[in-house]
Amino acid sequence: MIQSAVAGLVSGGAYAALGVCIVLVYRMVGVLNFAQAAIGAFGAYATFVLYENGVAYAPAVLLGAATGGAVAALLGYVMSTWFSESGPEVRSTVTIAALITLFAVAFRAFGDSPRSVPDPFSGAAFEVGGVAIGATGAVAIAGAGAIALAVGLGLRHTVTGVRLRALSERPTTAELVGIRARRLSIGVWAFAGAVSALAVLAIAPSRTSDFLGLGMLVVPALAAALIGLLRSLELAFLGGLAIGLIEGVAANFPSVSPYRQALPFFVIVTVLLWTERSEVWDARR
């Protein structure tokens, strides 16, 4: 069971990284990005294509991350140019349209069959307390934690972070004092897109790597982000790990194993009901 839990943490690390990206974009630019995982999958597929055509893995990963960042930056440009004054419902709907568009473009460009995914740490593992931990899983978990920590510290202690917080909390005031809102918001989109590509690359070797399956990683990522109430990067990170851990443990129980993929939906519904409880109770009084 412990071995399965550790295996689940590999998926949890990717959920956590994607959840942190969703929280970051929501906090900084006010958009719930349903296309976050699809953008990452697009960058990951660019990596696969480059690697299959003879590019070494490390440069292919960097170019794939750059592709994810570029796709996200394009969406950020569209959002900041034509939908900056729109409400969150409209902007979130635009990301759903972007999700469908990315699926269509990816199926056309890459096909809908699972791809052969290179694993740079294939076979590498170490033991902790008698439990074997794969190097790929360890890198995924450590990478997700490093991303959450770096983003949190960056927002609190860097000039760019302070400007981003000012932009998210007092956008009109921030623009009046000379903060370049569009450039910063596009930068946030690009950063989240590049990190999403790396997260999808980390999880791809451990599951069927078709574009639809990788793009739908947005569901557990949203669940992780909601555990953090779309505000806390730390809770989103821990939430992603917890979802992956529970999925891994559930794989050991035949009676619940077929339903473990429904866990993120259960988490989403539970968190939404919990956050809306006050309004429902007040309405019944």
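Bear in mind the structure is a predicted one, so any value in this text is a computation, not a measurement.

Engineer: What exactly am I supposed to notice about the overall build of the chain here?
Structural biologist: When helices and strands are counted, the chain shows 13 helices and 2 strands. The principal-axis extent of the C-alpha atoms belonging to the chain is close to 55 × 55 × 40 Å. Taking as baseline every contact in the chain between residues at least 6 positions apart, the subset at least 24 positions apart corresponds to 75%. Carbon and sulfur atoms make up 66% of the accessible area of the chain, which totals about 14,100 Å². Charged side chains in the chain number 17 positive and 14 negative. The centres of these two groups are separated by 8 Å.

Engineer: How should I be thinking about the UniProt feature "transmembrane region" (unreviewed entry) in the chain in this particular structure?
Structural biologist: Under the present numbering, the feature "transmembrane region" (unreviewed entry) in UniProt falls on residues 6-26, 31-51, 57-78, 90-111, 131-155, 186-205, 211-230 and 235-253. As annotated, residues 57-78 comprises 100% helix and 0% strand, and the C-alpha atoms at either end are separated by 32 Å. Within residues 90-111, the helical portion is 95% and the strand portion 0%, while the C-alpha atoms at the span's ends are 30 Å from each other.

Engineer: In this structure, what is going on with the packing of aromatic side chains? I would like to understand it.
Structural biologist: Pairs of aromatic rings are described using the distance from one ring centre to the other and the angle between the two planes. The tally for this structure, following the rule as stated, stands at 10 aromatic pairs. Between Phe42 and Phe211, the aromatic rings sit 6.4 Å apart at their centres with planes inclined by 90°, giving edge-to-face as the arrangement. Taken together, the residues Phe42 in helix 2 (residues 36-52) and Phe211 in helix 9 (residues 211-215) connect sequence positions 169 residues apart. Phe211 carries the same exposure label as Phe42, and that label is buried. By way of ring pairs, the aromatic residues Phe42, Tyr45, Phe48, Phe103, Phe107, Phe110 and Phe211 are connected into one cluster.

Engineer: I tried to follow the pattern of salt bridges on my own but got confused; where do I start?
Structural biologist: A side chain of one charge can pair with a side chain of the opposite charge if their charged atoms are brought near each other. With the rule as written, the count across this model stands at 1 salt bridge. The salt bridge partner of Glu234 is Arg156, with a shortest N-O separation of 3.1 Å. Taken as a pair, Glu234 in helix 11 (residues 233-250) and Arg156 in helix 5 (residues 135-157) lie far apart in primary sequence, 78 residues in all. Accessibility expressed as a relative area gives 37% for Glu234, which makes it partly exposed. Taking relative accessible area as the criterion, Arg156 reaches 46% and is therefore assigned partly exposed.

Engineer: Teacher, can you tell me more about the side chain of Asn33 here?
Structural biologist: Inspection of the secondary structure assignment puts Asn33 in the loop between helix 1 (2-29) and helix 2. Separated by 3.0 Å, the side chain of Asn33 and the backbone nitrogen of Ala35 make a polar contact. Setting aside chain neighbours within four positions, we find Asn33 in contact with Ile22, Val25, Ile39, Leu75, Thr95, Trp189 and Val218.

Engineer: I tried to follow the nonpolar core on my own but got confused; where do I start?
Structural biologist: Most often, soluble globular proteins have nonpolar side chains that are buried together. Within the largest apolar cluster, 76 residues are counted, with the highest numbers of intra-cluster contacts made by Ile22, Trp189 and Leu217. For this core, the element with the most residues is helix 1, which contributes 13 residues. Apart from residues lying up to four places away in sequence, Ile22 is in contact with Leu32, Asn33, Gln36, Val218, Ala221, Leu222, Ala225 and Leu230.

Engineer: Got a minute to help me understand the environment of Tyr259 in this structure?
Structural biologist: Inspection of the secondary structure assignment puts Tyr259 in the loop between helix 11 and helix 12 (263-275). As a C-alpha pair, Tyr259 and Phe237 span 22 residues in sequence and 23 Å in three-dimensional space.

Rules behind the numbers
- Residues numbered from 1 in each chain as written.
- Predicted model: local features only at pLDDT ≥ 70, side-chain atom pairs only at ≥ 80, totals over all residues.
- Heavy atoms only, no water.
- Helix = DSSP H or I, 4+ residues; strand = E, 2+ residues; numbered from the N terminus.
- Contact = heavy atoms within 4.5 Å.
- Areas by Shrake-Rupley, 256 points an atom, 1.4 Å probe, with all protein chains shown as cover.
- Lys, Arg positive; Asp, Glu negative; His and termini not counted.
- Charge placed at Lys NZ, Arg CZ, Asp CG, Glu CD.
- UniProt positions renumbered as here; feature names shortened; annotations may be inferred.
- Phe/Tyr/Trp six-rings, centres within 6.5 Å; stacked < 30°, edge-to-face > 60°.
- Buried < 20%, exposed > 50% of the residue type's maximum accessible area, 1.4 Å probe, protein only.
- Salt bridge = Lys/Arg side-chain N within 4 Å of Asp/Glu carboxyl O.
- Polar contact = N/O pair within 3.5 Å; in protein donor to acceptor, adjacent residues only side chain to side chain.
- Core = buried A, V, L, I, M, F, W, Y, C linked by side-chain atoms within 4.5 Å.

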